Amino acid sequence: MNKLNRLYALTLRRTFPGTRSIALARYLHTSNKMSSESNDVKWNDALTPLQLMVLKDKATERPNTGAYLHTKDSGVYHCANCDTPLYSSNAKFDARCGWPAFYEEVSPGAITYHRDTSLMPARVEICCGKCGGHLGHVFEGEGWKQLLNLPKDSRHCVNSASLNLKRD
Ligand SMILES: [Zn+2]
């Protein structure tokens, strides 16, 4: 296995710690009750049930199913709930982890970071900086910077359901 493939395998294990056979259903309602921003949030009526489950209840869409997984179009990814710009397509890269990956947010404060202890080891949850909608998790220091020549060694593992791409 070459270095890149080893990193892909490691990435998958870090994103979903535990054995590969764990049913994804187990994650579908893995919500972090510690974070309660959702109490005052207005949820957009146009959101699909899946989008609401992800953004509000912090569910994770099934891997390799998201609308933006393989998207290479140029534009800005906005919050599907409140329309805040979150990620530039320039920061998107292929981590083969089953979800869209970005190395940084579009601007400081666009997203917020929260400690998520719902699975061990603890992960860092990322949310929309404006409405608090759940986006996914961020993983640091996995080696992407060196391997793919990225400016930062961060992988923002984001549910497509949380995003709305506005193409240039
Ligand atoms: Zn939002």
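See the structure above.
Procedures and definitions
Residues numbered from 1 in each chain as written. Predicted model: local features only at pLDDT ≥ 70, side-chain atom pairs only at ≥ 80, totals over all residues. Heavy atoms only, no water. Helix = DSSP H or I, 4+ residues; strand = E, 2+ residues; numbered from the N terminus. Buried < 20%, exposed > 50% of the residue type's maximum accessible area, 1.4 Å probe, protein only. Contact = heavy atoms within 4.5 Å. Phe/Tyr/Trp six-rings, centres within 6.5 Å; stacked < 30°, edge-to-face > 60°. Pairing = 2+ DSSP bridges. Core = buried A, V, L, I, M, F, W, Y, C linked by side-chain atoms within 4.5 Å. Donors = N, O, S within 2.8 Å, 3.2 Å for Na, K, Ca; no water. Tetrahedral: all angles 85-135°; square planar, octahedral: opposite > 155°, others 65-115°. Expected span 1.5 Å × (residues − 1). Arc of directions from axis to C-beta.

Some words on the side chain of Thr-84
With respect to the helices and strands, the residue Thr-84 is situated in the loop between β1 (75-79) and β2 (85-88). Judged by relative accessible area, Thr-84 falls into the buried class, the value being 15%. Every residue in contact with Thr-84, bar those within four places of it in the chain, is listed here: Tyr-77, His-78, Cys-79, Cys-128 and Lys-130.

Observations regarding the packing of aromatic side chains
The description of an aromatic ring pair rests on the distance of the ring centres and on the angle between the ring planes. The tally for this structure, following the rule as stated, stands at 4 aromatic pairs. When the centroid spacing of 5.2 Å and the interplanar angle of 85 degrees are considered together, the rings of Tyr-68 and Tyr-77 count as edge-to-face. In terms of burial, Tyr-68 and Tyr-77 fall into one category: buried. Each ring, one from Tyr-77 and one from Phe-102, has its centre 5.2 Å from the other, and the planes form 70 degrees; the classification is edge-to-face. Of this pair, Tyr-77 sits in strand β1 while Phe-102 sits in strand β4 (residues 101-102), and the two are 25 residues apart along the sequence. Residue class for Tyr-77 comes out buried when judged on its relative accessible area of 0%. Its relative accessible area of 0% is what places Phe-102 among the buried residues. One aromatic cluster is present, formed by Tyr-68, Tyr-77, Tyr-87 and Phe-102 through successive ring pairs.

A look at the pairing of strand β8 (residues 154-158)
Among the 5 residues in β8, 5 count as buried, and that is most of the element. Here β8 shows a buried face lined by Ser-154, His-156 and Val-158 and a second buried face lined by Arg-155 and Cys-157. By the bridge criterion, 2 bridges tie β4 to β8 in an arrangement that is antiparallel. Note on β8: the bridge partner recorded for Ala-101 is Cys-157. Where strand β7 (residues 134-140) meets β8, 5 bridges bridge the pair, whose relative direction is antiparallel. The partner of Gly-136 across the bridge, within β8, is Val-158.

Here's the deal with the nonpolar core
Across soluble globular proteins, nonpolar side chains have a tendency to be buried as a group. Core analysis: the largest hydrophobic core is formed by 21 residues, its most contacted members being Leu-86, Tyr-87 and Leu-163. Within the second largest apolar cluster, 13 residues are counted, among which are Leu-7, Phe-93, Trp-99 and Phe-139.

A few points about the coordination of the zinc ion
The protein atoms that coordinate the zinc ion are Cys-79 (SG), Cys-82 (SG), Cys-128 (SG) and Cys-131 (SG), at distances spanning 2.3 Å. Metal-centred angles of 100 to 114 degrees between the 4 donor atoms at the zinc ion mark the site as tetrahedral. Within one chain, the residues serving as donors to the zinc ion are arranged as C-x2-C-x45-C-x2-C. You can see Cys-79 sitting in strand β1 and its partner Cys-128 sitting in strand β6 (residues 123-128), a full 49 residues away along the chain. Each of the two residues, Cys-79 as well as Cys-128, counts as buried.

A short note on helix α1 (residues 3-15)
Over its 13 residues, α1 runs 18 Å from end to end, which matches the ideal 18 Å to within 8%, given 1.5 Å per residue. Among all positions of α1, only Leu-7, Tyr-8, Thr-11 and Thr-15 are buried. End-on, the buried residues of α1 take up no more than an arc of 105 degrees, which puts them together on one face. On the buried face of α1, the contacting elements are β6, β7, α4 (144-148) and β8.

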